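# Fold and geometry: a report
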Amino acid sequence: MSIDNSLSLNVQETGTIASPAIVQYTHSHLKFRLGRHLTLLPTRQILEVITVPAASVTPMPNMPPAMLGLINRRSQVMWVTDLALLLGIPVAYPNSQQYNLVLLQVNQVLLGLRVQEIDNILNLPHQEVCPPPAHVPAGLVPFLRGCYVKENDVLLVLNAEAILHAPALKAA
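Residues numbered from 1 in each chain as written. Predicted model: local features only at pLDDT ≥ 70, side-chain atom pairs only at ≥ 80, totals over all residues. Heavy atoms only, no water.

## Topic: the pairing of strand β5 (residues 76-82)
Pairing of strand β4 (residues 67-73) with β5, which is carried by six bridges, proceeds in the antiparallel orientation. Paired with Asn72 across the bridge in β5 is Val77. Here β4 folds back onto β5 in antiparallel fashion, the turn holding two residues, of which Arg74 has a positive phi close to 55°. (Pairing = 2+ DSSP bridges. Helix = DSSP H or I, 4+ residues; strand = E, 2+ residues; numbered from the N terminus.)

Written out as structure tokens, the structure reads:
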């Protein structure tokens with residue numbers, strides 16, 4: 001049995017089993033639902049995805065409505081925000097007793113994002129990112145890197161840095 005060196009696996013460098021040519025041109029994204037929008041966040045900026053009881057988030061007085069409160073996760077205290085409220089997207093949550101949280105980290109800043117429904121992880125070619133379509137609400141556009149069109153779905157790629165600089169987070 002011979003091994004084809006042109007398709008050698010690159011496990012140590014990337015943590016995945018893929019050829020170096022494929023790894024170089026794809027990016028991993030967490031896919032989740034936010035209202036009627038399918039959205040993506042780069043997994044390199046995500047620490048963890050968890051479901052927690054709503055009671056584990058401690059509300060803080062005089063905070064904007066999007067700020068749900070504080071949570072202690074693995075001895076780190078972080079703010080939790082309702083991403084839909086923060087971005088001005090109408091959402092109805094089926095279960096308000098539990099929160100689906102995406103724990104985001106950009107540089108040294110940690111933030112928990114409550115999302116409606118977590119779907120899966122997608123590996124997508126970065127060269128296929130295109131501008132958002134015209135039907136995307138104007139208030140959402142500053143928080144986007146672009147979009148992917150995949151199997152007749154428009155997947156909005158969120159910009160984590162822009163979310164961390166949202167006006168409602170400045171008060172927190």
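## Quick notes on the pattern of salt bridges
Scanning the model with the defined rule gives five salt bridges in all. Residue Asp119 is joined to Lys31 by a salt bridge in which the shortest nitrogen-to-oxygen separation is 3.3 Å. Of this pair, Asp119 sits in strand β8 (residues 117-125) while Lys31 sits in strand β1 (residues 26-34), and the two are 88 residues apart along the sequence. The salt bridge partner of Glu48 is Arg74, with a shortest N-O separation of 2.7 Å. You can see Glu48 sitting in strand β3 (residues 46-53) and its partner Arg74 sitting in the loop between β4 and β5, a full 26 residues away along the chain. The class of Glu48 is buried, set by a relative accessible area of 17%. Among the charged side chains, a network of salt bridges with common partners joins Glu48, Arg73 and Arg74. (Salt bridge = Lys/Arg side-chain N within 4 Å of Asp/Glu carboxyl O. Buried < 20%, exposed > 50% of the residue type's maximum accessible area, 1.4 Å probe, protein only.)

## Quick notes on the environment of Lys170
Residue placement: Lys170 occurs in helix α5 (residues 167-170). Sequence separation between Lys170 and Pro64 is 106 residues, and the spatial gap between their C-alpha atoms is 9.8 Å.

## Digging into the side chain of Thr39
Its location among the elements puts Thr39 in strand β2 (residues 37-42). Overall, Thr39 belongs to the buried group, its relative accessible area being 1%. Residue contacts for Thr39: discarding those within four places in its chain leaves Leu30, Lys31, Phe32, Leu34, Leu156 and Leu158. (Contact = heavy atoms within 4.5 Å.)

## Focus: the side chain of Thr81
With respect to the helices and strands, the residue Thr81 is situated in strand β5. Look at Thr81 and you get buried, because its relative accessible area is 0%. In contact with Thr81, not counting residues within four places along its chain, are Ala66, Met67, Leu68, Leu86, Leu111, Gly112, Leu113, Arg114 and Leu169.

## Here's the deal with the sheet that holds β5
Reading across from one edge, β3-β6-β7-β5-β4 is the order of the five strands in this open sheet, with mixed pairing throughout. Looking along the sheet, the strands with just one partner apiece sit at the ends: β3 and β4. Direction aside, the axes of adjacent strands within the sheet are offset by 30° on average. Pairing geometry for β3 and strand β6 (residues 98-106), over seven bridges, is antiparallel. Bridged to Val49 within β6 is Val102. (Axes fitted to C-alpha atoms, helices over the stretch in contact; angles between N-to-C directions.)

## Topic: the nonpolar core
Ranked by internal contacts, the top residues of the largest apolar core, which has 31 residues, are Phe32, Leu41, Leu83, Leu87, Leu113 and Leu158. Secondary-structure elements contributing two or more residues to this core are β1, α3 (83-87), β6, β7 (109-115), β9 (144-150), β10 (153-158) and α4 (160-164). With residues up to four places along the chain from it excluded, the contact list for Leu83 reads Phe32, Leu34, Leu113, Arg114, Val115, Leu158 and Ile163. Counting residues in each nonpolar core, the second largest holds 11 residues, with Ile50, Ile71, Val80 and Tyr99 among its members. (Core = buried A, V, L, I, M, F, W, Y, C linked by side-chain atoms within 4.5 Å.)

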